[in-house]
Amino acid sequence: MNVLVLNCGSSSIKYQLLNMDAEAVLLAKGIVEKIGLTNGSFTYKPEGKEKLVIEQPIANHSVGMDLILKTLIDPKHGVLKSLNEINAVGHRVAHGGEYFSESVRVTEETKAKIKALGEIAPLHNPANLTGIETMEKLLPAVPQVAVFDTSFHQTLPKKAFVYGIPYEYYQKYAVRRYGFHGTSHKFVAEKACRLLGWNITEKKIITCHLGNGASITAIKGGKSIDTSMGFTPVAGLVMGTRAGDLDLGALLYICEKEGLNLKQANTLVNKQSGVQGISGVSSDFRELTFAMEAGNERAALALDVFIYNVKKYIGAYAAAMNGVDLIIFTGGIGENDQPVRQAVCADMDYLGVKINNELNATIKSKDAILNTEDAKTKVMVITTDEELVIAMDTMKLSK
Ligand code: ADP
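Every chain's residues receive numbers from 1 upward, in the order its sequence appears when written. Selection of residues for local features in this predicted model requires a pLDDT of at least 70, selection of side-chain atom pairs for listing and counting requires 80 or more, and totals for whole chains, interfaces and linings are taken over all residues. As a rule here, side-chain values come from all non-hydrogen atoms in the structure, and water together with hydrogens is ignored.

### Focus: the layout of surface pockets
Rules: Whether a set of points on the 1 Å grid over the protein atoms alone is a cavity depends on a 1.4 Å probe fitting there but being unable to get out, while an open set qualifies as a pocket with protein on both sides within 12 Å along at least five of seven lines; lining residues are those with an atom within 4 Å of a point. Grid points are joined across faces, edges and corners, and a volume is the space filled by probe spheres set on the points. Secondary structure counts use DSSP, requiring at least four H or I residues in a row for a helix and at least two E residues in a row for a strand, with both numbered from the N terminus. By the convention adopted, Pro, Cys, Tyr, Trp, Phe, Met, Ile, Leu, Val and Ala count as nonpolar, Lys, Arg, Asp and Glu as charged, and the other residues, Gly among them, as polar.
Roughly 340 Å³ of volume is contained in the second largest pocket. Lining the second largest pocket are 18 residues; nearest its centre among them are S101, E102, S103, S151 and K186. If you tally residues by element for the lining of the second largest pocket, the top one is helix 15 (residues 386–398), at 4 residues. Looking at the lining of the second largest pocket residue by residue, the classes come out as 5 nonpolar, 8 polar and 5 charged.

What follows is the structure in structure tokens.
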């Protein structure tokens, strides 16, 4: 069975085609970017063949998806003989609200709910829905599945998701903590338990998904019981360009001083803050590290703030679960940034955390156990694969 996995943003489409017959095998992947602009681009990388990059205006999502499908069956670059070989399409959908605690087959009702949730996820859900509707037109006979970033966190107890604001805003507008990166947190926790031969229902795990967007989740007995992102992905850790937890009074004060409207305030906390905002250098951890090594003090400060944030969340979630058996690092930073991992794990003996720093310095983009033999708490690097989760759910629900 071949599954096409799509992640549609407002101006981009990331895609992967996977064969799921035995082990999942990647057939092709790529990205359509700058949709709607004059300098659009289409990147396509088939396995075992040469990469293709086309620079041309791509008017809308429909044109972008048409280009993906045509290239997949192109006699020279393609990996399929005909579109009939695509058996199912899986869509990453940002917000499932309180409607979806697991992945679902796309129906008229699913689409209506994804559309309604566009109110609380205006940057993502409308684009995700466009992706679904476009695929329905292009591949009408093929089953489609929606996989939500929020659904794994629907097990949060009320005390972890209710905000300290008038309760009527939860009742009227569904304002509460939802959490994101759910597919990744679930995937790495389950994979680690498989590798360790553990029964996840007996364990307390803290998963640190550290990428451009970053979030930490407390998983007790296999269920998410707390997570650092909130109603939107701007909450929690200081991230690449997102502020993370911030005194609301400080934001109001800045808006007043600078005369910012709601849209500008939104841009400030989502696009101009985080380690980018602190350093003034970059949101990219590799560039921050270069700058720090060259003596840039604000780059060093941004890294310090990030590391301190991660440490505090680990402490908070160990408290929430009355202990922790395993801490997992994943995402671009979690999988690759050895100094960040070392600094987060330093001085955490109160939790039984002790990692082998020499070993840690050799681990990049691969699964590994970092803790020393005598440490009480396990620490692991686990590579995440959100597309694989989407493909697996899609396969399960398309049969
Ligand atoms: P996204 O949220 O966009 O999926 P990723 O999970 O790809 O983000 O993570 C991107 C982050 O990972 C960037 O800050 C990048 O600098 C960092 N990163 C990637 N590779 C490395 C590396 N080898 N060393 C340090 N940081 C890295």
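### Describing the site of the ligand
Quick note on the threshold: Whether a residue is near a molecule or strand is decided by its heavy atoms; if any one of them lies within 4 Å of it, the residue is near. Counting of polar contacts relies on pairs of N or O atoms within 3.5 Å, with two restrictions inside protein: one atom must be capable of donating a hydrogen and the other of accepting it, and residues adjacent in sequence are counted only when both atoms are side-chain atoms. Method for areas: the Shrake-Rupley scheme with a 1.4 Å probe, in which residue coverage is limited to the protein chains shown.
Of all residues adjacent to the ligand, which total 13 residues, the nearest are N212, D284, F285, G332 and K364. Separating a nitrogen atom of the ligand from a side-chain N or O atom of K364 is a distance of 3.1 Å. Burial of the ligand by the surrounding chains reaches 70%, relative to a free accessible area of 570 Å². Secondary structure elements with two or more residues in the shell around the ligand: helix 10 (285–293) and helix 12 (331–336). Ranked by residue count, the leading element in the shell around the ligand is helix 12, at 4 residues. By residue class, the composition of the shell around the ligand is 2 nonpolar, 7 polar and 4 charged.

### Description of the pattern of salt bridges
Threshold: We define a salt bridge as a side-chain nitrogen of Lys or Arg found within 4 Å of a carboxyl oxygen belonging to Asp or Glu. Between buried and exposed lies partly exposed: a residue is buried under 20% and exposed over 50% of the maximum accessible area for its type, with that area taken using a 1.4 Å probe on protein chains only.
Inspection of the entire model under this criterion finds 13 salt bridges. Where D284 meets R286, a salt bridge forms, and the shortest distance between an N and an O atom there is 3.4 Å. Since its relative accessible area comes to 62%, R286 is described here as exposed. Each of the salt bridges in this network shares a partner with another, and the network as a whole consists of R92, D149 and E386.

### Looking at the sheet that holds strand 8 (residues 144–148)
Heads up, the condition is: Criterion used throughout: strands pair if DSSP finds at least two bridges between them.
Strand order in the open sheet made by the 8 strands is 5-4-3-2-1-6-8-7, with mixed pairing throughout. In this open sheet, the two edge strands, each paired with only one partner strand, are strand 5 (52–55) and strand 7 (104–105). Pairing geometry for strand 6 (residues 88–93) and strand 8, over 5 bridges, is parallel. Residue pairing for strand 8: V89 is matched across the bridge by Q144.

### Section: the packing of aromatic side chains
Rules: Side-chain rings of Phe, Tyr and Trp, where Trp is taken by its six-membered ring, are said to pair if the distance between their centres is within 6.5 Å; with planes under 30 degrees apart they count as stacked, over 60 as edge-to-face, and otherwise as tilted. Over a ring means this: the NZ of a Lys or the CZ of an Arg is within 6 Å of the ring centre and within 35 degrees of the ring normal.
For the structure shown, the criterion picks out 10 aromatic pairs. With 4.2 Å between their ring centres and 10° between their planes, F100 and F148 make a pair best called stacked. Within this pair, whereas F100 is found in the loop between strand 6 and strand 7, its partner F148 is found in strand 8, the two being separated by 48 residues in sequence. The two residues F100 and F148 agree in class, both being buried. Members of the aromatic cluster, connected to one another through ring pairs, are Y15, F42 and Y44. For the cation-ring pair, R176 lies above F161, with the distance from its terminal atom to the ring centre recorded as 3.5 Å. The ring of W198 has K203 sitting right over it, with the charged end atom 4.3 Å from the ring centre.

### Topic: the sheet that holds strand 14 (residues 378–381)
Adjacent strands of a sheet pair through backbone hydrogen bonds, lying either parallel or antiparallel. Reading across the sheet, the 6 strands line up as 11-10-9-12-14-13 and stay open at both edges, with mixed pairing between neighbours. Each edge of the sheet is formed by a strand with only one pairing partner; in this case those strands are strand 11 (223–227) and strand 13 (368–369). In this structure, strand 12 (residues 326–330) lies alongside strand 14, joined through 4 bridges in parallel fashion. Directly across from L326, in strand 14, lies its bridge partner K378.

Read these as geometric descriptors, not functional statements.
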